[in-house]
Amino acid sequence: QSCSKLQGNLESLPKSVTNLNLASTNIEGNIKDPPQSITDLNLKSCTELEGDIESLKDCPLQKLDLPLCRELTGVMSPHIFVLLLEGKAKFDGCGTITMPS
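Residues numbered from 1 in each chain as written. Predicted model: local features only at pLDDT ≥ 70, side-chain atom pairs only at ≥ 80, totals over all residues. Heavy atoms only, no water.

Draft legend 1. Geometry of the sheet that holds strand S4 (residues 40-42). In spatial order, the strands read S2-S4-S6-S8; together these four strands make up an open sheet with parallel pairing. A strand with exactly one partner marks an edge of an open sheet, and here the two such strands are strand S2 (19-21) and strand S8 (89-90). Sheet topology places strand S6 (residues 63-65) next to S8; two bridges connect them, and they run parallel. In the strand pairing of S8, Leu64 is matched with Ala89. (Pairing = 2+ DSSP bridges. Helix = DSSP H or I, 4+ residues; strand = E, 2+ residues; numbered from the N terminus.)

Printed below as a string of C-alpha cells:
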C-alpha cells in the first residue's frame with residue numbers, strides 16, 4: 001500500500017520515532033529539529049523538505065536514505081560519513097552535501 005498522497009509537516013512528528021519511512025510522500029518542512037531517537041530514516045523523493053543535514057548529527061542513525069531531497073544541503077557529520085562509506089547512507093540527487101573536514 002502506497003502512502004504517496006500522505007501530506008503533513010515534519011515538525012509535527014512525535015519525538016520518540018525510531019524508524020521513519022516517508023519515502024515518496026508530500027511531507028514538507030525543515031529538518032532542523034528531527035526526533036533525536038531516529039535510527040532508520042528514509043525520506044527518498046521528499047522534494048519539499050529543506051534544511052541542513054547537520055541537524056541529524058546527534059541522531060543514532062544506522063541507515064539514512066535522502067535521494068532526490070533536492071533542498072537538503074550541508075556538511076555530513078563524521079558518523080553519517082561512516083554510514084556513507086558502509087553503503088548505509090544515500091544522497092543521490094540531493095542539494096550540495098559535503099564531506100566532513
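Here the narrative resumes.
Draft legend 2. Molecular detail of the pattern of salt bridges. Following the criterion strictly, the structure yields three salt bridges and no others. The closest approach of N and O atoms between Asp58 and Lys57, which form a salt bridge, is 3.8 Å. Its relative accessible area of 43% is what places Lys57 among the partly exposed residues. A salt bridge links Asp65 to Lys63; the nearest nitrogen and oxygen atoms lie 4.0 Å apart. Judged by its relative accessible area of 8%, Asp65 falls in the buried class. (Salt bridge = Lys/Arg side-chain N within 4 Å of Asp/Glu carboxyl O. Buried < 20%, exposed > 50% of the residue type's maximum accessible area, 1.4 Å probe, protein only.)

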